[in-house]
Amino acid sequence: MLASRVFSLVGRRSICTSLCLRAHGHAGVVKAEDYTLPGYVDRRDVPLPEVAFVRDLSAQQKALKEKEKAAWSALSVEEKVELYRMKFNESYAEMNKGTNEWKTILGGVLFFLGVTGVILIWQKHFMYGPIPHTFSEDWLAAQTKRMLDMRANPVEGISAHWDYDKNEWKK
Amino acid sequence: ARGIQQTAVRQAHRKHEPSFHDKYGTVVLLGGAAVFTSVWGYVLTQLGIEWGFSPTGRITPKEWRE
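Keep in mind the model is a prediction, meaning the values are calculated, not measured. (Residues numbered from 1 in each chain as written. Chains lettered and ligands numbered in written order. Predicted model: local features only at pLDDT ≥ 70, side-chain atom pairs only at ≥ 80, totals over all residues. Heavy atoms only, no water.)

Peer 1: Teacher, can you tell me more about the overall build of chain B here?
Peer 2: Tallying secondary structure elements over chain B gives one helix and zero strands in all. Each of the 66 residues in chain B was classed as buried or not, and the buried ones make up 14%. As displayed, chain B offers around 5100 Å² of accessible surface, 57% of which is attributable to carbon and sulfur atoms. (Helix = DSSP H or I, 4+ residues; strand = E, 2+ residues; numbered from the N terminus. Buried < 20%, exposed > 50% of the residue type's maximum accessible area, 1.4 Å probe, protein only. Areas by Shrake-Rupley, 256 points an atom, 1.4 Å probe, with all protein chains shown as cover.)

See the structure below:
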């Protein structure tokens, strides 16, 4: 209902699209847009694309296409290559060729991981307070001896790694 | 669809312009690796962060009884 109201307000004439406008000069036939036509594509699984790569041939290329209708043994190597390049954009070798993109990606990743490290530096410097005194070397040494004296985790843990006879860590 | 001008020139006119990755990829990779190793080397060793490593094999026990 509302749509028809809009139509009557605006007028049917101006709803005409660009396609219609062009049709007036072409005896009522709408010009096909490029995207509706078969296109060229470089894909490994499409060995013969629907159209040739070069659509509009120069005069030189048109002459070559005429020569192609005759015996192919008369064509020089350069002419054959030119005919190939008219029909195809990239060869399979060019299509499959790897790039150096991985270097940029990996380098970028490592760089931003480095930025993360800079954030940690900022935090330690500006944000965190001093660590508890129980992490000092003296305290850790005394704490470790006390744990070993208590036989803490004697099966597979810390006391299992201490040699009580030789008074040293097991090798 | 650009028509190719010189039919005589075979390889040269098909050589595509070097991409960003061709020109700068190696530099970006090495630079990023350098930034990474320097920053994290500092963080892991010099910054004074307590990582809480195991005392096993590291700490020499000291007498604690008074």
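Peer 1: Looking at this structure, I do not really get the interface of chain B and chain A. What am I missing?
Peer 2: The partner chain A presents 47 residues to the 40 residues of chain B that form the contact. Regarding the contact of chain B and chain A, the summed buried area is about 3800 Å², with carbon and sulfur atoms giving 69% of it. Linking chain B with chain A are three salt bridges, by the criterion used here. In this structure, K62(B) engages D138(A) in a salt bridge whose closest nitrogen and oxygen atoms are separated by 3.5 Å. The tally of links from chain B across to chain A stands at eight residue pairs in polar contact (both at pLDDT 80 or more). Taken together, the residues that form the side of chain B that touches chain A break down as 19 nonpolar, 12 polar and nine charged. (Contact = heavy atoms within 4.5 Å. Buried area = accessible area lost by both parts, 1.4 Å probe. Salt bridge = Lys/Arg side-chain N within 4 Å of Asp/Glu carboxyl O. Polar contact = N/O pair within 3.5 Å; in protein donor to acceptor, adjacent residues only side chain to side chain. Nonpolar A, V, L, I, M, F, W, Y, C, P; charged D, E, K, R; others polar.)

Peer 1: Hey, could you run me through the UniProt feature "transmembrane region" (unreviewed entry) in chain A in this one?
Peer 2: Within this numbering scheme, the UniProt entry marks residues 104–122 of chain A as carrying the feature "transmembrane region" (unreviewed entry). Helix makes up 100% of residues 104–122 of chain A and strand 0%, whereas the separation of the span's terminal C-alpha atoms amounts to 27 Å. (UniProt positions renumbered as here; feature names shortened; annotations may be inferred.)

Peer 1: Would you mind showing me how to read the pattern of salt bridges here?
Peer 2: Side-chain pairing between opposite charges can occur once the charged atoms of the two side chains come close. Within the structure shown, the criterion is met by 13 salt bridges over all chains. Note that E63(B) and K145(A) form a salt bridge whose closest N and O atoms lie 3.9 Å from each other. Here K145(A) lies in helix α7 (residues 137–149) and E63(B) lies in the segment after α1 (20–45), a pairing that spans two chains. Where D149(A) meets R65(B), a salt bridge forms, and the shortest distance between an N and an O atom there is 3.6 Å. Here R65(B) lies in the segment after α1 and D149(A) lies in helix α7, a pairing that spans two chains.

Peer 1: Help me out: how do you make sense of the packing of aromatic side chains in this one?
Peer 2: The geometry of an aromatic ring pair comes down to the distance between the two centres and the angle between the two planes. Applying the stated criterion across every chain yields a total of six aromatic pairs over all chains. Both rings, one in F111(A) and one in F112(A), keep their centres 5.2 Å apart while their planes meet at 80 degrees; by these two values the pair is edge-to-face. Residue F111(A) is classed as partly exposed on the basis of its relative accessible area, which comes to 36%. Exposure remark for F112(A): the relative accessible area of 55% places this residue in the exposed category. When the centroid spacing of 5.0 Å and the interplanar angle of 85 degrees are considered together, the rings of W162(A) and W169(A) count as edge-to-face. Of the two residues, W162(A) and W169(A), both sit in the buried class. Over the aromatic face of W64(B) sits the side chain of R146(A), whose NZ or CZ is 5.5 Å from the ring centroid. If you follow R151(A) out to its NZ or CZ, it ends over the ring of Y164(A), 4.0 Å from the centre. (Phe/Tyr/Trp six-rings, centres within 6.5 Å; stacked < 30°, edge-to-face > 60°. Lys NZ or Arg CZ within 6 Å of the ring centre and 35° of its normal.)

Peer 1: Looking at this structure, I do not really get helix α4 (residues 77–87) of chain A. What am I missing?
Peer 2: Structurally, the α-helix is built with 3.6 residues per turn, so residues lying three or four positions apart point the same way. Residue and element names in this part refer to chain A. Within α4, the full set of buried residues consists of E79, E82, L83, R85 and M86. Seen end-on, α4 carries its buried residues on one side only, within an arc spanning 165 degrees. Residues of α4 that are buried sit in contact with α3 (59–68) and α5 (92–96). (Arc of directions from axis to C-beta.)

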